[in-house]
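Structural overview
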Amino acid sequence: MPLLVMKFGGTSVADLARIENAAKKVQKEVERGYDVIVIVSAMSGETNKLVGFVEGTSKLYDAREYDAVVASGENVTAGLMALRLQEMGVPARSWQGWQVPIQTTAQHGSARFVDIPRANIDAKFKEGFKVAVVAGFQGVSPEGRITTLGRGGSDTTAVAFAAAFGAERCDIYTDVDGVYTTDPRVSSKARKLEKIAFEEMLELASLGAKVLQTRSVELAMRYKVRLRVLSSFEDTDETSGTLVCDEEEIMESKVVSGVAFSREEAKITLFTIEDRPGVASAIFGPLADAGVNVDMIVQNISEKDYDDAHPGAVTDMTFSCPINQVDRARKAMEDAKAAGKIGYDELIVDTDVAKVSVVGIGMRSHAGVAAKMFNALSAENINIKVISTSEIKISVLIDRKYMELAVQALHDAFDLDKA
Ligand code: ADP
Ligand code: ASP
Ligand code: MG
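Residues numbered from 1 in each chain as written. Chains lettered and ligands numbered in written order. Predicted model: local features only at pLDDT ≥ 70, side-chain atom pairs only at ≥ 80, totals over all residues. Heavy atoms only, no water.

Section: the packing of helix α2 (residues 46–57) against helix α3 (residues 63–70)
Two quantities define a packed helix pair, namely the angle between the helix axes and the distance between the axes. The contact between α2 and α3 brings their axes to 9 Å, and the two run at 145°. Regarding α2 and α3, the two cross each other, and that crossing is right-handed. Each of Leu50, Val51 and Val54 in α2 lies in contact with α3, whose residues at this interface are Tyr66, Val69 and Val70. Of the residues belonging to the contact of α2 with α3, the class tally is six nonpolar, no polar and no charged. (Axes fitted to C-alpha atoms, helices over the stretch in contact; angles between N-to-C directions. Helix = DSSP H or I, 4+ residues; strand = E, 2+ residues; numbered from the N terminus. Left-handed = near helix turned anticlockwise from the far one by under 90°. Contact = heavy atoms within 4.5 Å. Nonpolar A, V, L, I, M, F, W, Y, C, P; charged D, E, K, R; others polar.)

Structure (structure tokens):
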């Protein structure tokens, strides 16, 4: 029997009426002859509420108990979806992670899949069940404790199930009708893409476009899953939405295909550090040990180059990291200073920054993208604080108050509203 994976995100299952609406889409596929694995998120707002409960109870919480609490949102939706399908005459059964069992690593709060054994769910399909409704975002550690996969993790559950069960396609139903050139909530000129290459989607996701969790795109790319993003609120068919696929499947691609942004950034500068071999490692080693995900880095040029004649040369070091890791980063630096491993005069944190990025595989073969980007930002008088580039993306850190303006300016500069 051909099999489909259908994933419904939080807003798509936000209340009983929406669960019914989603269930109808599932029923339609069953009537077409598919066995269906449905992956559900928690009802919209539930996970935030559960995270709030944990943080309100324990500041330095035990991550195992965090997972035990926040995984529960998905359990409710899975049961309700199975019930709704049964009411509609569709044989369905719900599955929590441990019942599959979805095996993950023990990294609570950001666990990774180890294995998804098929036997239990396959047995139910053989019994005549048509739908397995699986709670997204969760699994079970080698010690048998509940784990979660990081925010947005139900996307990754969906792709992992599609790979494990050899699904014909993995459909991600959400509150937009596809992947756009930028977040349609920020730019009204955003244009829906028919197709997007895995590499580009991976960059957009990791640079802040939360329409798909980054890890889900990685898995889809690795296991060649046909991944589609489409609307749960509209009538859809096989041609709806955006297909995330191999570059080769896309006939024509632009130099830049999308603009991504992230508000959750912070910038930290260490003023007057020594400019000598080993200083970067003395700074970024302790940050890594403290679990800080350093993103962009700039080191100022020193007044004098370090050499034997100028052993006292000094410089400044700036880096960015997620805003919720600032306290950890500051403590790691203060501890390293107190231990005499680094020296700096002042540590300054700027939490009013945002990262804006342009992404496109066409950049590999086209020069001038950076110049065009900087020109567009300068025309709006937006100052760039930090820059970083890779083969298919350019990112800048700017004042957060200019973020929307920057997104729109870049969208215009690269003509992304035009096909
Ligand atoms: P779900 O709850 O279904 O998982 P999310 O809120 O996680 O949905 O992701 C969908 C949201 O992603 C959209 O509402 C949209 O605001 C946002 N988004 C950001 N960038 C993009 C983009 N390039 N294309 C489409 N949506 C985007
Ligand atoms: N409910 C989880 C979250 O809000 C997982 C998901 O929706 O993908 O992050
Ligand atoms: Mg999501």
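Comments concerning the sheet that holds strand β14 (residues 297–299)
Read from one edge of the open sheet, six strands run β14-β15-β13-β16-β18-β17, paired in antiparallel fashion. Each having just a single partner strand, β14 and β17 (386–390) make up the two edges of the open sheet. Ignoring which end each strand starts from, the neighbouring axes of this sheet average 25° apart. Pairing between strand β13 (residues 258–274) and strand β15 (residues 314–322): eight bridges, direction antiparallel. Along β15, the bridge assignment pairs Glu274 with Val314. Helix-sheet contacts for helix α11 (residues 369–379) involve β16 (346–359), β17 and β18 (393–399), and the interaxial angle to β18 is about 20°. (Pairing = 2+ DSSP bridges.)

Digging into unusual backbone geometry
Geometrically, the link from Val100 to Pro101 is a cis peptide bond, its omega value of -10° lying close to zero. Assignment of secondary structure puts Pro101 in the loop between β3 (92–95) and β4 (103–104). Notably, Phe137 is not glycine yet its phi reads approximately 75°, a positive angle. Relative to the assigned elements, Phe137 resides in the loop between β6 (131–135) and β7 (138–140). With a phi angle near 55°, Lys224 is a residue other than glycine that sits in the positive phi range. For Lys224, the position within the fold is in the loop between α8 (214–223) and β11 (227–231). A relative accessible area of 58% means that Lys224 is categorised as exposed. (Buried < 20%, exposed > 50% of the residue type's maximum accessible area, 1.4 Å probe, protein only.)

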